[in-house]
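Residue-level structural notes
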Amino acid sequence: MVDPSDKPSAHPPDVCAAFERHRTELCGYAYRMLGSTFEAEDAVQEAFTRAWRSYASFEGRASVRSWLYKITTNVCLDMLRGVQRRARPMDLSSPSQPGSTVPAPRPDYLWIEPIPDALSFGADPAEHASTKDGLRLAFVAACQHLPATQRAILIMREVLRFSAKETAEALTLSPASVNSALQRARATMSDIAPTITDDHHLADPRRRELVDNFVAAFEAYDMDALTALLKHDVAMSMPPYAFWIRGPQDVAAFMLGAGSACRDSRLVPLHGANGLPAFGQYKPGIDPSVRVAWSIIVLELDGNGIAGLNFFLDTDRLFPQFGLAPDLREPA
């Protein structure tokens, strides 16, 4: 929240409320720019602070929403100067063999992180449907290959549906420069962004059945049932490890080998991450009556199968972000 006491001059009493109405969509925008939920929240808070301090100079020639996007963009551009782009494990190496030694974890600032749907989508279901593709892990990772200004232009024009004029005003560019940069960004994205055919609505019965079958197979640790749900080129990753597996048979071999500690896990459904089905995974602990936090699982669906199994293992940060407890106790 913006601190109303931190003001150089008097503001209308509803300024903070006007800012807050746009927090969720701005957080989703900043996440696409930065690849991190935590950095996105920091960026929006900094944008609100800057907006509060400069509100006296806001002349109302643009809407408050457009003005906040401009400030948030500047904050993100500042944060991106000189930093290494975030990535997914499959961006950094070839697929590993299921019997390979899992390498040491790498720092959290290297990885694309999941974002709860509640922090990135507005309340309007139509908005949710129109912007969810722009939050997919693969799309956000692909965006990191773009120069920061091109990234902002692509997100504003292609995902948020800003006009060239609105985008130009937010970035202090000419519309012609925006259109030129957009063409370059599209060319880059066409080379690196995967094609996704998951056009099922979140409530689509076929999608719901696929997700339910995954939960049943995973909790039963039935590898035959699990692999039957996977696409032939499925990728399984486990940030913060630069290690990933490709293909149903290698996924099963890993799960029955190095990953066998996940047997007898329980999955707690979440309200979605990145517009995708997501779960909190709790695996058995030392005390048989308690399961401990292990990962946030995000499923990437492609048509009638699962194309991506993403296990985000940074439980200390991610479980509180998704409103999950650190352990799961069996009822007495």
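Below you will find a few notes about this structure. Please read these numbers as outputs of a predicted model, since none were measured by experiment.

1. Here we look at the packing of helix 4 (residues 64–80) against helix 8 (residues 148–159)
One way to put it is that helix 4 packs onto helix 8 with a least axis distance of 10 Å and a crossing angle of 145°. Both helix 4 and helix 8 take part in a crossing whose hand is right-handed. In this structure, helix 4 contributes Y69, T73, L77 and L80 to the contact, and helix 8 contributes A148, T149, R151, A152 and M156. Its residues assigned to classes, the contact of helix 4 with helix 8 shows 6 nonpolar, 2 polar and 1 charged.

2. Topic: the state of the cysteines
Counted by the stated rule, this structure contains 0 disulfides. No disulfide involves C27; its sulfur sits 9.7 Å from the nearest other cysteine sulfur, which is in C76. Overall, C27 belongs to the buried group, its relative accessible area being 4%.

3. Side note on the side chain of Q281
Tracing the sequence through the fold places Q281 in strand 4 (residues 278–284). One polar contact links Q281 to S265, side chain to side chain, over a distance of 3.1 Å. Within the local environment of Q281, its side chain forms a polar contact with the side chain of S295, the two groups lying 2.7 Å apart. Among all residues touching Q281, those that are not within four sequence positions of it are F218, C262, S265, R266, L267, V292, A293, W294, S295, I297, F311 and F319.

4. Section: the packing of helix 8 against helix 9 (residues 164–171)
Each pair of packed helices can be summarised by the angle the axes make with each other and by the distance between the axes. Where helix 8 meets helix 9, the axes come as close as 10 Å, and the angle between the chain directions of the two elements is 145°. With respect to the hand of their crossing, helix 8 and helix 9 are arranged in right-handed fashion. Across the interface between the two elements, T149, A152, I153, M156 and R157 from helix 8 touch A164, T167, A170 and L171 from helix 9. When its residues are assigned to classes, the contact of helix 8 with helix 9 shows 6 nonpolar, 2 polar and 1 charged.

The rules behind the values
Residues numbered from 1 in each chain as written. Predicted model: local features only at pLDDT ≥ 70, side-chain atom pairs only at ≥ 80, totals over all residues. Heavy atoms only, no water. Axes fitted to C-alpha atoms, helices over the stretch in contact; angles between N-to-C directions. Helix = DSSP H or I, 4+ residues; strand = E, 2+ residues; numbered from the N terminus. Left-handed = near helix turned anticlockwise from the far one by under 90°. Contact = heavy atoms within 4.5 Å. Nonpolar A, V, L, I, M, F, W, Y, C, P; charged D, E, K, R; others polar. Disulfide = S-S within 2.5 Å. Buried < 20%, exposed > 50% of the residue type's maximum accessible area, 1.4 Å probe, protein only. Polar contact = N/O pair within 3.5 Å; in protein donor to acceptor, adjacent residues only side chain to side chain.

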